[in-house]
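One letter stands for each residue in the lines below.
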Amino acid sequence: MESVYTIVVPDTDVLSCVCGTNDNNLKLIEEHLGIPVFTRGNELSVDTEDVSLRQQFRYIIDRIVDEVCDGSKDSGDIITSVLNMEKRADMESTSILVPGAIKKVYPHTQHQADYIQSMRDNDMVFCIGAAGSGKTFIAVAEALRLVLSHKVSRLVITRPVVEAGESLGFLPGDLEDKINPYLRPLYDSMEMILPRETVKRLVEAEIIDIAPLAYMRGRTLNNCVIILDEAQNTTKEQMKMFLTRMGENSKVFITGDITQIDLPKKVVSGLVHATGLLEGIEGIGFLRLTAEDVVRNPLVKKIVKAYENEQSNF
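Counting restarts for each chain, with residues numbered from 1 along the sequence as it is written. Note on the predicted model: pLDDT of at least 70 is required for a residue's local features to be given, and 80 or more for side-chain atom pairs to be given and counted; whole-chain, interface and lining totals, by contrast, use all residues. Excluding hydrogens and water, the side-chain figures rest on all heavy atoms present in the structure.

A.B. asks: Which residues make up the overall build of the protein chain, and what values go with them?
C.D. replies: Elements are defined by DSSP. Helices are runs of H or I of four residues or more, strands are runs of E of two residues or more, and each kind is numbered from the N terminus. When you go through the protein chain residue by residue, the secondary structure sums to eleven helices and nine strands. Buried means the residue's accessible area, taken with a 1.4 Å probe over protein chains only, is under 20% of the maximum for its type, while exposed means over 50%, and partly exposed covers the values in between. Taken across its 314 residues, the protein chain has 47% of its residues classed as buried. The contacts of the protein chain with a sequence gap of at least 6 include a subset with a gap of at least 24, amounting to 72%. If you sum the accessible surface of the protein chain, you get close to 16300 Å²; carbon and sulfur atoms cover 51% of it. Should any heavy atoms of two residues lie within 4.5 Å, those residues are counted as being in contact. We get accessible surface area from the Shrake-Rupley algorithm with a probe of 1.4 Å; when it comes to residues, only the shown protein chains can shield them.

A.B. asks: Explain the packing of helix H9 (residues 236-243) against helix H10 (residues 270-278) residue by residue, including any values.
C.D. replies: For any two helices packed against each other, one specifies the crossing angle of their axes together with the interaxial distance. Between the N-to-C directions of two axes lies an angle of 0 to 180 degrees, each axis being a line fitted to C-alpha atoms and, for a helix, fitted only over the stretch in contact. For the pair H9 and H10, interaxial distance at closest approach is 8 Å and the crossing angle is 60 degrees. In this structure, the crossing between H9 and H10 has a hand that is right-handed. Mapping the contact onto sequence places Lys236, Met239 and Leu243 in H9 and Gly270, Leu271, His273, Ala274 and Leu278 in H10. For the contact of H9 with H10, the per-class residue count stands at five nonpolar, two polar and one charged. Each crossing is labelled by how the near helix is turned from the far one, with a counterclockwise turn of less than a right angle marking it left-handed and a clockwise turn marking it right-handed. Polar here means any residue other than Ala, Val, Leu, Ile, Met, Phe, Trp, Tyr, Cys and Pro, which are nonpolar, and Asp, Glu, Lys and Arg, which are charged; Gly is therefore polar.

A.B. asks: So what about the environment of Leu289? Which residues, and what values?
C.D. replies: With respect to the element layout, Leu289 can be found in the loop between strand E9 (284-288) and helix H11 (298-312). Owing to a relative accessible area of 6%, Leu289 belongs among the buried residues under this scheme. When the C-alpha atoms of Leu289 and Asp257 are compared, they prove to be 9.5 Å apart, with 32 residues separating the residues in sequence. Here Leu289 is in contact with His111, Gln112, Tyr115, Cys127, Ile128, Gly129, Ala130, Ser133 and Lys135, once residues within four sequence places are set aside.

A.B. asks: Go over the sheet that holds strand E6 (residues 208-212) with me, naming the residues and quoting the values.
C.D. replies: Ordered by their spatial adjacency, six strands build an open sheet running E6-E5-E7-E8-E4-E9, and the pairing between neighbours is parallel. Strands with a single pairing partner mark the edges of an open sheet, and in this sheet they are E6 and E9. Direction aside, neighbouring strands of the sheet carry axes that sit 15 degrees apart on average. Note on pairing: two strands pair once DSSP finds at least 2 bridges between them.

A.B. asks: Would you mind going over unusual backbone geometry in detail, with residue names and values included?
C.D. replies: Residues other than glycine seldom take positive phi values, yet Asp23 does so here, at roughly 60 degrees. Mapped onto the fold, Asp23 is located in the loop between helix H1 (12-19) and helix H2 (24-33). For Asp23, a relative accessible area of 35% corresponds to the partly exposed category. Phi angles above zero are rare outside glycine, and His150 is one such case at about 65 degrees. Here His150 shows up in the loop between helix H6 (135-148) and strand E5 (154-159). A residue is classified by how much of its surface remains accessible, and His150, at 70% relative accessible area, is exposed.

A.B. asks: Tell me about the packing of aromatic side chains, and please be specific about residues and values.
C.D. replies: Pairing of aromatic rings covers Phe, Tyr and Trp, the last through its six-membered ring, and needs centres within 6.5 Å; plane angles under 30 degrees mean stacked, over 60 mean edge-to-face, and all others mean tilted. Counted under the stated rule, the structure contains three aromatic pairs. Between Tyr5 and Phe57, the ring centres sit 6.4 Å apart and the planes meet at 75 degrees, which makes this aromatic pair edge-to-face. Of this pair, Tyr5 sits in strand E1 (residues 4-8) while Phe57 sits in helix H3 (residues 51-69), and the two are 52 residues apart along the sequence. On the accessibility criterion, Phe57 (0% relative accessible area) is buried. On the numbers, 5.5 Å between centres and 75 degrees between planes, the contact of Tyr59 with Tyr106 is edge-to-face. Here Tyr59, found in helix H3, pairs with Tyr106, found in the loop between helix H4 (75-88) and helix H5 (110-121); they are 47 residues apart in sequence, far enough to count as distant. Each of the two residues, Tyr59 as well as Tyr106, counts as buried.

A.B. asks: Please give an account of the packing of H2 against H3 that cites residues and values.
C.D. replies: Where H2 meets H3, the axes come as close as 11 Å, and the angle between the chain directions of the two elements is 150 degrees. Of the possible angle classes, the one that applies to H2 and H3 is roughly antiparallel. By crossing handedness, the relation of H2 to H3 is classed as right-handed. Between H2, through Ile29, His32 and Leu33, and H3, the contact on the second element is made entirely by Leu53, Gln56, Phe57, Ile60, Ile61 and Ile64. Class assignment for the residues of the contact of H2 with H3 results in seven nonpolar, two polar and no charged. Note on angle classes: values under 35 degrees are labelled roughly parallel, values over 145 roughly antiparallel, values of 65 to 115 roughly perpendicular, and the remainder oblique.

A.B. asks: How would you explain the nonpolar core if you had to name every residue and give the values?
C.D. replies: In these notes, a set of buried Ala, Val, Leu, Ile, Met, Phe, Trp, Tyr and Cys residues joined through side-chain atoms within 4.5 Å is what counts as a nonpolar core. Counting residues in each nonpolar core, the largest one holds 34 residues, and the members touching the most others are Tyr115, Leu144, Leu155, Met190 and Phe253. For this core, the leading source of residues is H6, giving eight residues. Setting aside anything within four residues of it in sequence, one finds Phe253 in contact with Met119, Val125, Ala139, Glu142, Ala143, Leu146, Val225, Ile226, Ile227 and Leu228. In terms of nonpolar packing, the next biggest core, distinct from the first, is built from 26 residues, Cys19, Ile35, Ile61 and Tyr106 among them.

A.B. asks: Please set out a nonpolar patch on the surface residue by residue, giving values where relevant.
C.D. replies: A surface patch of nonpolar side chains, amounting to about 220 Å² of accessible area, comprises Ile258, Ile261 and Val272. As for its placement among the helices and strands, Ile261 is situated in the loop between strand E8 (251-256) and H10. Each patch is built from residues lacking any salt bridge and having more than 30% relative accessible area; the joining distance is 9 Å for like charges and 5 Å for nonpolar side chains (Val, Leu, Ile, Met, Phe, Trp, Tyr). Note on definitions: salt bridges are taken to be side-chain nitrogens of Lys or Arg within 4 Å of carboxyl oxygens of Asp or Glu.

A.B. asks: Requested: an account of the side chain of Thr255, with residues and values cited.
C.D. replies: Structurally, the position occupied by Thr255 is in strand E8. By relative accessible area, Thr255 is classed as buried at 0%. Setting aside anything within four residues of it in sequence, one finds Thr255 in contact with Tyr115, Cys127, Lys135, Thr136, Ala139, Leu228, Asp229, Glu230 and Ala231.

Dropping the structure here:
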């Protein structure tokens, strides 16, 4: 067996970010793996026949390259995050590889890794999390994996249409034009994972079905994966209606942020009610993501933390 294992990083700017100033990042990787990392041209290599070390090396480099290509600038922070995660859990087993995807989807935090594992272990999963914590994006990625690897035949994604500050009746266009702004974020999530043309083709073939929650009434959804997004804006009756759409060989993922409820005062959120009612039932998973799981601009994490701290003081 060839003892040298090599990864090629063709983009020299990306390679420079991976290595860091004076190869400081490579030194951290060497310390983590316990073996030297060699550079030659655009190649990074380790000299080992240990399969697990090779897998760790591949995972670490792939993750860093993905982060850099996504626009992350601080490679030191990236290295620290990736190495900490790699220590704490088997991140490769909870990564999401969607057939035909632009890139592999990795959990950035332990909670996100737990979320992915819960979706694989349970037929129904509730995920409550702050803005930017990845709750919808990860659910969409796992759902696309299930559909495009032929585990289920369709993906159904829905959201409640709640008028917060501006009435639908006053928005321009026909019904589809009025509803589209509510559903656009779901398309955005899919287009971060798959090429836009692929998403369009799947929607046209009705393999992906995106519709307001009101359109779910009366349906039985067999052999599919169903996502209810913005679930904090459902009423108790809407949540019950949605949960009872689940048919044979189906999975259901429910996501929401209970700090952003747009329902009228005195109307109980269906997400809050369902969490209290259903938690503890076997086969239903519950995950809570926090400010620590926010993966948007670092300012978003600070903003979310500020609001969490304010709530904890009441």
